[in-house]
Amino acid sequence: MTADLEFTEAASGLAPVALRAAATLRMADHIAAGYDTAPSLAERTGVDPDLLSRVLRFLACRDVFAEPSPGTYALTPLSATLLEGHPSGLRAWLDASGVGARMDAAVGGLLDALRSGEPSYPLLHGRPFYEDLALHSSGPAFDTLRHTHAEGYVSDLLDAFPWHHVRRTVDVGGGTGVLAEALMRTHGTLHAVLVDLPGAVAAATARIEAAGFGPRFTPAAGSFFDPLPAGADVYTLVNVIHNWNDERAGAILRRCVEAGREDSTFLVAERLMDDADPRAITAMDLRMFLFLGGRERTLAQVREIADTAGLAHVSTLRTPAGLNLIRLSKGRA
């Protein structure tokens, strides 16, 4: 594909729409089950067979599907990632009825955001990001997507810090409790507290209690802008502060400072602009603004916010998954 054609593809916006349609209709799963022609797939999914054949041909030309013989389709390494249950969770993200599509719709408001300096998600959907997702119950749940994402980096976080010294940790914005459960599973005396919105905390509690760790787990449904559970050895914030502008990120860190002891450790896990893949981090940077008014940051920018909250930088460790574990303690730099 020439550079001119690649640019035209990116500008047209047709390929993402066709891909989302295929994901929503679960085309990869149907093909894997043996429905490998446009008529059989159309009957299976209740769509127009002629138009479906044209969409499949469009996607096959772009290696999403293969067409081993005319009118017969097969999976490729790309479409295999659209199978239900694939570790990437990509099919759920692309499902047009799910929260991934709801978030992606806000990307279309970039021009208005440039002109207003305000995030597009609240303007499009009528309420702030997390409030809207809490009310939006159709399709794949946001917490399921968060859970899948967290499973990709949790082992790195277990290896990156001496958790065997920790007796009590508070996971601030801990989602469905992937980190909390992993810590309790690998450290038999550790007690975990999880702070997040009620839906995420309920999902975490159900799974953690089913796993047998309920006696060492404390759910704390609420906002991390409010006072946090006090006296923990470690406070963790994994992919939290990039959601917010500098003022609100600083407010979250100040809540951690207020709750922590003088010898508590504060761990911020984020991808940093300094060393992340430029294409991925710049895309996430724009998404964070469009959804919540947040941003991706350099280590120097994180340290500056931490300093205003009364935290000093101790060390930074880049994990294999690309997250940087930033260790902070009380006291200004």
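Coordinates for the structure precede this section.
Everything quoted here is computed from the prediction, not taken from an experiment.

### A look at the overall build of the chain
Working step 1: When you go through the chain residue by residue, the secondary structure sums to 18 helices and 9 strands.
Working step 2: Relative to a compact globule of 333 residues, whose C-alpha radius of gyration would be 20 Å, the chain shows 22 Å and is just as compact.
Working step 3: Within the span of the chain, comprising 333 residues, buried residues form 46% of the whole.
Working step 4: Expressed as a percentage of contacts within the chain between residues at least 6 apart in sequence, the contacts between residues at least 24 apart total 66%.
Working step 5: Taken as two groups, the 30 positive and 40 negative side-chain charges of the chain have centres that lie 4 Å from each other.

### Description of the sheet that holds strand 4 (residues 191-196)
Working step 1: With respect to topology, 7 strands assemble into an open sheet ordered 5-4-3-6-7-9-8, the strand pairing being mixed. The two strands at the open ends of the sheet, each matched to only one other strand, are strand 5 (217-221) and strand 8 (311-318). Strand-to-strand twist across the sheet, computed as the mean angle between neighbouring axes with direction ignored, equals 20 degrees.
Working step 2: For strand 8 and strand 9 (residues 324-330), the ladder comprises 7 bridges, and the chain directions are antiparallel. Directly across from leucine 317, in strand 9, lies its bridge partner leucine 325.
Working step 3: In the packing of helix 15 (residues 198-210) onto the sheet, contacts are made with strand 4 and strand 5, and the angle to strand 5 comes to roughly 165 degrees.
Working step 4: Most of the contacts of helix 18 (residues 299-308) go to strand 8, to which it runs at about 150 degrees, and overall it touches strand 8 and strand 9.

### A word on helix 5 (residues 49-60)
Working step 1: Between its first and last C-alpha, helix 5 extends 16 Å over 12 residues, near the 16 Å set by a 1.5 Å rise per residue.
Working step 2: Burial in helix 5 covers these residues: Leu52, Ser53, Leu56, Phe58, Leu59 and Ala60.
Working step 3: Where helix 5 is buried, its residues touch helix 2 (14-24), helix 3 (27-32), helix 4 (38-45), strand 1 (65-69) and strand 2 (72-75).
Working step 4: Measuring from the backbone nitrogen of aspartate 50 back to the side-chain oxygen at the start of helix 5 gives 3.2 Å, which picks out aspartate 48 as the cap.

### Section: the packing of helix 2 against helix 5
Working step 1: Direction vectors running N to C along helix 2 and helix 5 enclose 120 degrees, while the axes themselves pass 10 Å from each other. Of the two possible hands of crossing, helix 2 and helix 5 adopt the one that is left-handed. Residues Leu14, Ala15, Ala18, Leu19 and Ala22 of helix 2 touch helix 5, and the partners they reach there are Val55, Phe58 and Leu59.
Working step 2: Its residues assigned to classes, the contact of helix 2 with helix 5 comprises 8 nonpolar, no polar and no charged.

### Here we look at the environment of alanine 106
Working step 1: Inspection of the secondary structure assignment puts alanine 106 in helix 8 (residues 99-107).
Working step 2: Residue classification places alanine 106 among the buried residues on the basis of a relative accessible area of 1%.
Working step 3: Note: C-alpha distance between alanine 106 and proline 119 (13 residues apart in sequence) is 8.6 Å.
Working step 4: Not counting residues up to four positions away in its chain, the partners in contact with alanine 106 are Ser120, Tyr121, Leu124, Leu290 and Phe291.

### A few points about the packing of aromatic side chains
Working step 1: In the structure shown here, the tally under the stated rule is 10 aromatic pairs.
Working step 2: Ring centres of phenylalanine 129 and tyrosine 130 lie 4.9 Å apart, and the angle between their planes is 80 degrees; on these two criteria the pair is classed as edge-to-face.
Working step 3: Residue classification places phenylalanine 129 among the buried residues on the basis of a relative accessible area of 3%.
Working step 4: Where phenylalanine 224 meets tryptophan 244, the ring centres are 6.1 Å apart and the plane angle is 85 degrees; that geometry is what we call edge-to-face. Pair noted here: phenylalanine 224 is in the loop between strand 5 and strand 6 (234-238) and tryptophan 244 is in the loop between strand 6 and helix 16 (246-259), with a separation of 20 residues, a long-range link.
Working step 5: By relative accessible area, which is 13% here, phenylalanine 224 ends up buried.
Working step 6: On the basis of relative accessible area, tryptophan 244 is assigned to the buried category, the value being 8%.
Working step 7: An aromatic cluster is built from Tyr121, Phe129, Tyr130, Phe224, Phe225, Trp244 and Phe291, whose rings are joined through pairwise contacts.
Working step 8: Residue placement shows arginine 62 over the ring face of phenylalanine 58; its charged tip is 3.7 Å from the ring centre.
Working step 9: Positioned above the aromatic ring of phenylalanine 225, the side-chain terminus of arginine 248 is 4.0 Å from the ring centre.

Criteria and thresholds
Residues numbered from 1 in each chain as written. Predicted model: local features only at pLDDT ≥ 70, side-chain atom pairs only at ≥ 80, totals over all residues. Heavy atoms only, no water. Helix = DSSP H or I, 4+ residues; strand = E, 2+ residues; numbered from the N terminus. Rg over C-alpha atoms; globule rule 2.2 N^0.38 Å. Buried < 20%, exposed > 50% of the residue type's maximum accessible area, 1.4 Å probe, protein only. Contact = heavy atoms within 4.5 Å. Lys, Arg positive; Asp, Glu negative; His and termini not counted. Charge placed at Lys NZ, Arg CZ, Asp CG, Glu CD. Pairing = 2+ DSSP bridges. Axes fitted to C-alpha atoms, helices over the stretch in contact; angles between N-to-C directions. Expected span 1.5 Å × (residues − 1). Polar contact = N/O pair within 3.5 Å; in protein donor to acceptor, adjacent residues only side chain to side chain. Left-handed = near helix turned anticlockwise from the far one by under 90°. Nonpolar A, V, L, I, M, F, W, Y, C, P; charged D, E, K, R; others polar. Phe/Tyr/Trp six-rings, centres within 6.5 Å; stacked < 30°, edge-to-face > 60°. Lys NZ or Arg CZ within 6 Å of the ring centre and 35° of its normal.

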